[in-house]
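# Per-entry structural report
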Amino acid sequence: MSKCLVKSEIKTVFDRISELEAVKQGLNFIEEDQPRTIEEQKTMVAIEAPTFAEGQRAVFYAEALKKLGLMDVHIDKHGNVLGRRPGKGTGPNILLEAHLDTVFPAGTNVTPVEKDGRIYAPGICDDTRGLAANLSVIRALQSSGIETEGDLFFAGTVAEEGMGGMSGMKALLIDRKDIDGTISIDGAGCDTIIYEGTGIRNFEVTYTGPGGHAYSAFGTPSAVHAAARAITKLSDMRPPESPKTTFTVSLIEGGHAIHAIAQKAVFKINLRSDDPQELDNLQKQAVAIFAEGAREENERWGKQMITVDYNMILDVPAGRQPADCDIVQASWQATECLGIQPRLVPGGCTNTNMPISMGIPAVTLGRGGQEGGVHSLGEWFDPEGTYRCPQKSFLLMLALAGIHGETKPLLKRRDK
Ligand SMILES: [Zn+2]
């Protein structure tokens, strides 16, 4: 999708906001604040934060939020950092967040190195840039003295990447029923608006049998053969192209000796869909096939020896909201206000999955700047013009929460 028609009442709010002297000052402040945010980004990237071990970085981020004068700054029981900038209590509460964790294991060299205008360090973009950009938004709000109708919340969330499965964001929203809309900063670019959540389910499937000598026990069903039968059938599944629904058997291991009938075989399968119903359908098919692999191998040899077990090891809910819902229109308008052509990105697996699947309006917006090698040891960031990311968040938060005495909030409070 490349277009989004913004209704006049949303345009009017942004027109009004852009005219306010305090807002203009805030935008200028953010541009001038860029060197400081880059320094913070370099400091934070050097604090290792593998998924499930974000503690040290969380402590640093909580300190930073406190120094900026946010209220109720704390690290919650899941490890998320959360702080609040109170509004008048007369509007929706808006959360701006980025994730603390990186994909790099403990012991990775995360010292930033600068070369030819780029900063190289594993995690320098994803999502350390998001964390740093959001600090600049807070500073601009504090220096502008703007009062909002709703409260503004700021978070560094844990467990977004890999097997974290965005569980930090999920836990935060389950605990905080008072958050009415969320903005996540993640992904490349300054133009992207992610407004859908692609669901993910990962399964681990295990086949076991008695095994035996390849020659003398011939006739015994094999765990590897059973897994192979299942994988062949899984390969033939035909999910719909739209809504995009995908699968892959991604990892496989089994057997223990070249001259032995395998006692054990394990594979992992990754299922995804932009649509919750299609994800359910695909899962049903896959689960039936897991059993068929064992059954057919047993039938082939006329012996009930192979059994199958499976576990769902990751469950990220899919979620959809209309491409023309208010938060998407407002994100579009905020991007245009900065002279950038916005781009709606269908699908996506970001922290936004969680709010959308819970019915909370949400978007994920890009970090700004230029970047490359994300999730690799060669990850780099070029800060040129990256201040427009926090500028956009600043405008969007104000529009969604409402500026006291000036604009009506664009989001509603959700029913608790
Ligand atoms: Zn990320």
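Before reading further, recall that the structure is shown in the block above.
Reading the values: rules and limits
- Residues numbered from 1 in each chain as written.
- Predicted model: local features only at pLDDT ≥ 70, side-chain atom pairs only at ≥ 80, totals over all residues.
- Heavy atoms only, no water.
- 1 Å grid on protein atoms, 1.4 Å probe; cavity = no way out; pocket = protein on both sides within 12 Å on 5 of 7 lines; lining within 4 Å.
- Points joined across faces, edges and corners; volume = space filled by probe spheres on them.
- Helix = DSSP H or I, 4+ residues; strand = E, 2+ residues; numbered from the N terminus.
- Nonpolar A, V, L, I, M, F, W, Y, C, P; charged D, E, K, R; others polar.
- Domains from an automatic or database assignment.
- Pairing = 2+ DSSP bridges.
- Axes fitted to C-alpha atoms, helices over the stretch in contact; angles between N-to-C directions.
- Phe/Tyr/Trp six-rings, centres within 6.5 Å; stacked < 30°, edge-to-face > 60°.
- Buried < 20%, exposed > 50% of the residue type's maximum accessible area, 1.4 Å probe, protein only.
- Lys NZ or Arg CZ within 6 Å of the ring centre and 35° of its normal.

In this model, the largest pocket occupies a volume close to 410 Å³. Taken together, 25 residues form the lining of the largest pocket, with E160, E161, M166, C349 and T350 sitting closest to its centre. Contributions of two or more residues to the lining of the largest pocket are made by β8 (192–194), β9 (199–208), β13 (264–273) and β14 (307–316). Here the residues of the lining of the largest pocket are counted per class, giving 10 nonpolar, 10 polar and five charged. Counting residues domain by domain, the lining of the largest pocket receives three or more from each of domain 1 (8–197 + 319–401) and domain 2 (199–316). In this model, the second largest pocket occupies a volume close to 240 Å³. What lines the second largest pocket is a set of 16 residues, among which D180, G359, P361, L411 and K412 lie closest to the centre. The class makeup of the residues in the lining of the second largest pocket is eight nonpolar, two polar and six charged.

As summarised here, the arrangement of the four strands in space is β4-β5-β18-β17, forming an open sheet in which the pairing is antiparallel. A single partner strand is all that each edge strand has here, and the edge strands are β4 (113–115) and β17 (370–372). Across this sheet, the average inter-strand angle for adjacent strands is 20°, counted without regard to direction.

A full pass over the atoms with the stated rule returns six aromatic pairs. Pairing F218 with W301 gives two aromatic rings, centres 5.3 Å apart and planes at 80°, and the pair type is edge-to-face. With F218 in the loop between β10 (212–213) and α7 (223–235) and W301 in helix α8 (residues 276–301), this residue pair connects regions lying 83 residues apart in the sequence. With relative accessibility at 60%, the residue F218 sits in the exposed group. Classification of W301 by relative accessible area gives buried; the value is 19%. In this structure an aromatic cluster arises from ring pairing among F203, Y207, F267, F290 and Y310. One residue, R118, lies across the ring of W380, its end atom 3.4 Å from the ring centre. Sitting over the face of the ring of W301, R300 holds its NZ or CZ atom 3.6 Å from the ring centroid.

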